[in-house]
Amino acid sequence: MDVLRRSQTTMHPGGLTVENLAGDHAPFDPAKIHTDLTALTNDPTVVHRVESLIVAQLAGFDVVATATIEDTVTQTLAQLGYDQMAQSYRKQQA
């Protein structure tokens, strides 16, 4: 995984920082994952389950690349048996 760690000076206060391809940093917004998952299924139980696992996996890092977030979402969906949703998510991100 392309996960990065930075010093406190580059982190956004209060949590995870996302680094995009250009190297810009922004605070992590879990609502974006929720929105993406909701676009894939109308089942709130599935959304909550997958979202919780993704956020828990990312919580251990200070700075994470956007590609890592996308890979984590895709891998989590596939590991839980939601292969079609994983493929659809990957297409949405392309």
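Higher on the page you've got the structure.
Engineer: Give me the lowdown on helix α2 (residues 44-58), citing residues and values where you can.
Structural biologist: A turn of α-helix holds 3.6 residues, and therefore any two residues three or four places apart point the same way. Spanning 15 residues, α2 covers 21 Å between terminal C-alpha atoms, matching the ideal 21 Å at 1.5 Å per step. Val46, Val47, Val50, Glu51, Ile54 and Leu58 are the residues of α2 that are buried. Looking straight down α2, one finds that the buried residues subtend no more than 115° of arc, so they occupy a single side. In α2, those exposed residues whose orientation departs by more than 90 degrees from the buried face are Pro44, Thr45, His48 and Ala56. The inward-facing, buried residues of α2 contact α1 (30-40), β4 (63-65), α3 (66-79) and α4 (83-93).

Engineer: Can you lay out the packing of α2 against α3 for me, pointing to particular residues and giving the numbers?
Structural biologist: Relative to each other, α2 and α3 sit at 135°, their axes nearing to 10 Å. The pairing of α2 with α3 is recorded here as oblique in orientation. Here α2 runs over α3; the crossing is right-handed. Residues Val50, Leu53, Ile54, Gln57 and Leu58 of α2 form the contact with α3, whose own contacting residues are Ile69, Thr72, Val73, Thr76 and Leu77. Taken together, the residues that form the contact of α2 with α3 break down as seven nonpolar, three polar and no charged.

Cut-off values and rules
- Residues numbered from 1 in each chain as written.
- Predicted model: local features only at pLDDT ≥ 70, side-chain atom pairs only at ≥ 80, totals over all residues.
- Heavy atoms only, no water.
- Helix = DSSP H or I, 4+ residues; strand = E, 2+ residues; numbered from the N terminus.
- Expected span 1.5 Å × (residues − 1).
- Buried < 20%, exposed > 50% of the residue type's maximum accessible area, 1.4 Å probe, protein only.
- Arc of directions from axis to C-beta.
- Contact = heavy atoms within 4.5 Å.
- Axes fitted to C-alpha atoms, helices over the stretch in contact; angles between N-to-C directions.
- Parallel < 35°, antiparallel > 145°, perpendicular 65-115°, else oblique.
- Left-handed = near helix turned anticlockwise from the far one by under 90°.
- Nonpolar A, V, L, I, M, F, W, Y, C, P; charged D, E, K, R; others polar.

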